[in-house]
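Residue strings, one per chain:
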Amino acid sequence: MNVIVIGGGVIGTVLTHLLSLRGVSVTLVNSDFQRPRFPLIHSKLLRFPEDIKLARISEDVYVGLSRELGINVLRPMKSITVIPAVCYNDMLGIMGMWHEAGAETHVVSSIDEYGLKRANDQEMYILSTNGDNLVNYPLLMGKVHEIKGVNYIRGEAAIRLGNHEVRVLVSGNELRGDYVILASGAWNSIITRGTGLRVPLLPYKCQAAAFMGRGISNVIVYDYVLDIYMRPLGSVIDNALSRLGLSIIVAGDGNSRITEPGREAGVDREFISEIRGKVRSRVGEVLLVGSRFGYCEVTPDMRPLVGTLGLDSLLLIGGFNGYGAEVGPALASAVVDYVLSGSWPDYARPYLIDRFGNDWPSTWDISVEAHELCV
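The notes below deal with the structure included here. (Residues numbered from 1 in each chain as written. Predicted model: local features only at pLDDT ≥ 70, side-chain atom pairs only at ≥ 80, totals over all residues. Heavy atoms only, no water.)

## Some points on the overall build of the chain
In terms of regular secondary structure, the chain is built from eight helices and 19 strands. Whereas a compact globule of 375 residues would reach a radius of gyration of roughly 21 Å, the chain reaches 21 Å, a difference of no more than 12%. When the backbone C-alpha atoms are referred to their principal axes, the chain occupies close to 65 × 45 × 40 Å. Expressed as a percentage of the 375 residues in the chain, the buried residues total 55%. Sequence separation of 24 or more characterises 75% of the internal contacts of the chain that already satisfy a separation of 6 or more. (Helix = DSSP H or I, 4+ residues; strand = E, 2+ residues; numbered from the N terminus. Rg over C-alpha atoms; globule rule 2.2 N^0.38 Å. Buried < 20%, exposed > 50% of the residue type's maximum accessible area, 1.4 Å probe, protein only. Contact = heavy atoms within 4.5 Å.)

Below you can see the structure in the form of structure tokens.
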């Protein structure tokens with residue numbers, strides 16, 4: 001069997017590894033437009049039970065890949081979740097689901113020892129272990145090039161449909177496979193547009209900034225009071241800086257703006273100003289050392305999708321809304337199950353593209369955060 005995977009990012013990388021480890025011949029087409037330079041967050045501390053289940057399965061996928069490839073892609077991390085005190089009752093049920101997924105959590109009265117400050121008197125702190133990891137995607141991506149039987153092609157892909165088959169065009173060359181899997185993130189809707197197919201996906205600009213400071217602990221912070229997340233850089237630079245009492249944290253706020261890849265240049269100045277103020281409120285004085293933007297994509301219900309597009313041999317996986325490293329490997333594993341057996345596992349069924357039917361708006365409000373903890 002020959003499978004063509006379009007997209008060499010988070011999902012395309014996992015798909016390629018999983019398929020190749022099961023003896024499938026894979027052609028990976030990667031434009032290399034966007035790739036993580038540092039480890040990404042995997043977390044089971046999500047809100048909805050279906051998503052938490054996906055995150056738990058994804059963790060198993062990472063452990064399996066680490067074992068089969070002879071590498072360790074997971075680095076366990078502690079995390080601090082900051083919530084408004086009025087949300088604590090809502091949090092009790094969610095914390096129960098976290099416990100069921102293997103995370104250990106308890107409320108702490110102070111976060112000073114982690115280099116964090118209290119932003120107001122009406123907030124609470126939940127310390128978690130076994131709930132979060134940093135995933136070394138740069139290492140995992142590098143391993144793709146070493147896999148025997150994987151045909152790696154760098155270039156932009158286009159899809160053409162006809163005579164009940166899918167053709168993939170890359171730099172004037174035509175590729176054909178038993179299955180074509182579209183896993184190109186924010187480029188999914190652009191590639192499908194050329195086929196006349198309509199998909200319930202919108203691309204948007206996502207941004208992050210890196211700050212250097214003193215005394216900041218090596219923890220991930222989910223701050224639902226200031227509406228930001230913070231995480232260590234997760235590279236060898238951390239070790240060198242720690243000897244000087246310094247550290248670099250990456251921060252973002254989840255705010256997004258609908259735009260297609262290639263239509264924006266640089267990080268928004270307003271974002272830098274806002275995120276710097278929020279980070280200083282939580283950790284004190286910091287120095288901006290870098291910023292970066294990329295593109296994500298979202299569905300009308302803010303949850304990922306997977307399924308076939310018109311033909312059983314054309315599959316789409318996407319709409320991860322910035323949570324690809326958390327839940328993506330589980331749905332990638334579901335795609336592998338479909339390719340090998342022709343059916344979807346039960347855990348993937350709530351995410352099938354068929355749930356949207358043929359009726360969804362051309363655009364929608366993406367300002368509602370699907371993973372808010374307090375409703």
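## Focus: helix α2 (residues 49-69)
For α2, spanning 21 residues, the distance from its first C-alpha to its last is 30 Å, which sits close to the expected 30 Å at 1.5 Å a residue. Backbone geometry just after α2 places glycine 70 at a positive phi near 75°. (Expected span 1.5 Å × (residues − 1).)

## Regarding unusual backbone geometry
At histidine 164, a position not held by glycine, the phi torsion is positive, near 60°. Relative to the assigned elements, histidine 164 resides in the loop between β8 (157-162) and β9 (165-170). Of note in the backbone geometry, aspartate 227 takes a positive phi value of approximately 60° without being a glycine. One can find aspartate 227 in the loop between β13 (220-223) and β14 (228-232).

## Concerning the nonpolar core
Formed by 66 residues in total, the largest nonpolar core has its most connected members in Leu15, Leu19, Ile181, Ile317 and Val335. Take this core: its biggest share by element is ten residues, from helix α8 (residues 324-341). Ignoring any residue separated from it by four or fewer positions in sequence, one finds leucine 15 in contact with Val5, Ile181, Ala183, Ile317, Ala332, Val335 and Val336. Counting residues in hydrophobic clusters, the runner-up holds 30 residues, among them Val180, Val199, Ile353 and Phe356. (Core = buried A, V, L, I, M, F, W, Y, C linked by side-chain atoms within 4.5 Å.)

## Details of the pairing of strand β4 (residues 74-84)
With ten bridges connecting them, β4 and strand β6 (residues 123-135) associate as antiparallel partners. Counterpart to isoleucine 83 in the pairing with β6 is methionine 124. Note that β4 and β13 share four bridges and pair parallel. In the sheet register, valine 82 faces β13, and the bridge partner there is aspartate 223. (Pairing = 2+ DSSP bridges.)

## Quick look at the environment of alanine 55
Among the secondary structure elements, alanine 55 is positioned in helix α2. On the basis of relative accessibility, which here comes to 0%, the residue alanine 55 falls in the buried class. Distance from alanine 55 to serine 110, taken between C-alpha atoms, is 28 Å for residues 55 residues apart in sequence. Residues in contact with alanine 55, not counting those within four places in the same chain, are His42, Ser43, Lys44, Leu46, Glu326 and Val327.

## Focus: the packing of helix α1 (residues 10-21) against helix α4 (residues 137-144)
In the contact formed by α1 and α4, the axes pass within 10 Å of each other and the chain directions differ by 50°. Viewed along their axes, α1 and α4 adopt a mutual orientation that is oblique. The crossing of α1 and α4 is left-handed. For the pair formed by α1 and α4, the contact residues are Val10, Thr13, Val14, Thr16 and His17 on the first element and Tyr137, Leu140, Met141, Lys143 and Val144 on the second. The class makeup of the residues in the contact of α1 with α4 is six nonpolar, three polar and one charged. (Axes fitted to C-alpha atoms, helices over the stretch in contact; angles between N-to-C directions. Parallel < 35°, antiparallel > 145°, perpendicular 65-115°, else oblique. Left-handed = near helix turned anticlockwise from the far one by under 90°. Nonpolar A, V, L, I, M, F, W, Y, C, P; charged D, E, K, R; others polar.)

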